[in-house]
Amino acid sequence: MSKVWRYGDHVDTDVIIPARYLNISDFKELSEHAMEDIDTTFGPNVQPGDIIVAGRNFGCGSSREHAPIVIQQKGVACIIAESFARIFYRNAINIGLPVLEIGEEAKKIQAGDQVDVDFDKGEIHVVNKGLTIKTHPLPAFVRKIAEAGGLVNYVKGAQD
Amino acid sequence: MGMTRTQKILARHAGRPEVEEGELLVSQVDLTLANDITGPPAIDEFDKIGRPVFNKDKIALVPDHFSPPKDIKSATLCKHMRDFARKHNITNYFEVGRMGIEHALVPDSGLVAPGELVIGADSHTCTYGAVNAFSTGVGQTDLGAAMASGQTWFKVPKAIKVVLTGKKPDYISGKDVILTLIGMIGVDGALYQSLEFFGEGVGELSMADRFTICNMAIEAGGKNGIFPVDDKTREYLKERGVTRHWEAVEADEDAVYDRTLTIELDKLVPVVAYPHLPENTHPAAEGKDIAIDQVVIGSCTNGRYEDLVSAARILKGRKVDPRVRCIIIPATQEIYKRAMDNGLLNIFIDAGAAVSTPTCGPCLGGYMGILAAGERCVSTTNRNFRGRMGHVDSEVYLASPLTAAASAVTGHITDPREVLK
């Protein structure tokens, strides 16, 4: 069961990981600053397996892959949002961080909810509310990248 | 079914006669680009693949974000990229002293032509749609993989048709056009889509205006922005030494657009995007009560020669308000030299402005003009997110070079017509 960290619309890459830290090349060290400019309680309190739920256009702004990486480094199991900014969405897929785009349905999930995500069935169970949200399965092409363990392994596999 | 400009370029690079919206394609790339923040991790991903570079002439590496290096960590990132460039004999590595802000430098170096496909590990890579190319930002993993394979995957996007009409007044620039458009559709108004520009108003816009407009397509959530080819494009390409064969790309007559928007250039007023989203646009004339501490004129959005000429139009014979720090950053060495040769730098320094060597510096809160808590900056850059230029409690107001320079003179947000009259 995952604890929900809830954010609003247009959470941008500058608040996910402020550029002033981008001279840090160690991602573990960098992840200590994850979400710092929007929520100072996230870094010290997030637990492996927790999930982020947000509104529209999550991850807008920079192409910095540092943004999904610091979230992944903190052990976040997946991000559910009404919609994602396209570069963030692509980057998350490429590093193997599950992202679920579910439109207005995301409004039904609030901070503190207990959530179970079944990726195989494409179902989100909001356990404390007895609610199940159906999502689209990931496109086959994207699943192939995920199955290979990310884009780099997928490209490596293609040459073998 | 007819295709948009963007769909045609993607199809051509995937070896397909036609493609449809929503399809996933693997396309060949003509150029890959990275900077000192995204380059080093892209190189690490590339190294994991264990293949040679796909083409040493088609990889551009530009240290511009924290460069000239602001500290030891930044210097280490730059060195990582420099070592890679030497090891792989990369043709288009641009060292400090010859470099510039990537999205001004890359097209000015003749590295992009109409119909070409460019990916860059920087969200503002979408700038090159100004020369009728498809270009878009990706992350470091995509970039590292493309440096090895010479290809990448795309989902074929839908598009919004933006029709520009009327005559552009001389106090209106490309920045006012794109900020007005983002104000109309919002920061996710073009999410996953292309912005394709049409209409007789296109001819009213300089190449610098078009670069600014495409540069900020991402701020509407767009995948890319793209202009048609006209005489101004041909002239620019000739000037930049693009002699290789290229083909202009135009949309089919029956291309399907998700929606059509019209912007009447003659009706536009100078606008400013208030914190903390580029969609919060207001007429500059309404900002009289907003006192400012800093002005930045530069960046990949507005650091081109024409932008400096606009700033000089205001600053010539005038002084920066005593309460304001005005920092002007020519985008490339060539622009810097041209501004020096033509007396622009004298105008800026006489006005009391600081002039910096090319760098992205303050735009992303790197260095060379960071804001303290409570400070406000009018900036010609592209993002005004919370904490973007420094302290989380500072504020950035996005504007054109004319509006920024006018605000520097008065000390508050100012419509440039107030100063020019």
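Thresholds applied
- Residues numbered from 1 in each chain as written.
- Chains lettered and ligands numbered in written order.
- Predicted model: local features only at pLDDT ≥ 70, side-chain atom pairs only at ≥ 80, totals over all residues.
- Axes fitted to C-alpha atoms, helices over the stretch in contact; angles between N-to-C directions.
- Helix = DSSP H or I, 4+ residues; strand = E, 2+ residues; numbered from the N terminus.
- Parallel < 35°, antiparallel > 145°, perpendicular 65-115°, else oblique.
- Left-handed = near helix turned anticlockwise from the far one by under 90°.
- Contact = placed C-beta atoms within 7 Å.
- Domains from an automatic or database assignment.
- Nonpolar A, V, L, I, M, F, W, Y, C, P; charged D, E, K, R; others polar.
- Expected span 1.5 Å × (residues − 1).
- Buried ≥ 20, exposed ≤ 12 C-beta atoms within 10 Å, placed from the backbone.

Participant: Explain the packing of helix 10 (residues 305-315) of chain B against helix 13 (residues 401-410) of chain B to me, using residue names and the numbers behind them.
Facilitator: All names here are of chain B. Contact geometry for helix 10 and helix 13: axes closest at 8 Å, N-to-C directions at 30 degrees. On the basis of the axis angle, helix 10 is roughly parallel to helix 13. Crossing of helix 10 against helix 13: the hand is right-handed. Residues Asp307, Ser310, Ala311, Arg313, Ile314 and Leu315 of helix 10 form the contact with helix 13, whose participating residues are Pro401, Leu402, Ala405, Ala406 and Val409.

Participant: Account for the domain arrangement of chain B, naming residues and giving values.
Facilitator: Residue and element names in this part refer to chain B. Domain boundaries in chain B define domain 1 (5-264) and domain 2 (270-420). Distance from the C-alpha centre of domain 1 to the C-alpha centre of domain 2: 24 Å. Taken together, the contact between domain 1 and domain 2 spans 36 residues of the former and 39 residues of the latter. Per-element tally for the side of domain 1 that touches domain 2: the top contributor is helix 6 (residues 174-185), with six residues.

Participant: Talk me through the interface of chain A and chain B; I want residue IDs and the actual numbers.
Facilitator: The interface of chain A with chain B comprises 36 residues on the first partner and 44 residues on the second. Sorting the residues of the side of chain A that touches chain B by element identifies helix 1 (13-16), helix 5 (86-95) and helix 7 (151-159) of chain A as the ones contributing at least two each. Looking at the side of chain A that touches chain B element by element, the count peaks at six residues for helix 5 of chain A. Each residue belonging to the side of chain A that touches chain B can be placed in one class, and the counts come to 14 nonpolar, twelve polar and ten charged.

Participant: Which residues make up helix 6 of chain B, and what are the values?
Facilitator: All names here are of chain B. In this model helix 6 runs 17 Å from its N-terminal to its C-terminal C-alpha over twelve residues, within 8% of the 16 Å that 1.5 Å per residue would give. The buried fraction of helix 6 amounts to nine of the twelve residues, a majority that puts the element mostly inside the structure. Among the residues of helix 6, those classed as buried are Gly174, Lys175, Asp176, Val177, Ile178, Leu179, Leu181, Ile182 and Ile185. Immediately downstream of helix 6, the backbone of Gly186 shows phi near 90 degrees, a positive value.

Participant: Go over the environment of Asp108 of chain B, please, and point to the residues and values.
Facilitator: All names here are of chain B. Inspection of the secondary structure puts Asp108 in helix 4 (residues 102-108). Given 21 C-beta atoms within 10 Å, Asp108 falls into the buried group. With 227 residues separating them in the primary sequence, Asp108 and Ile335 have C-alpha atoms 9.9 Å apart.

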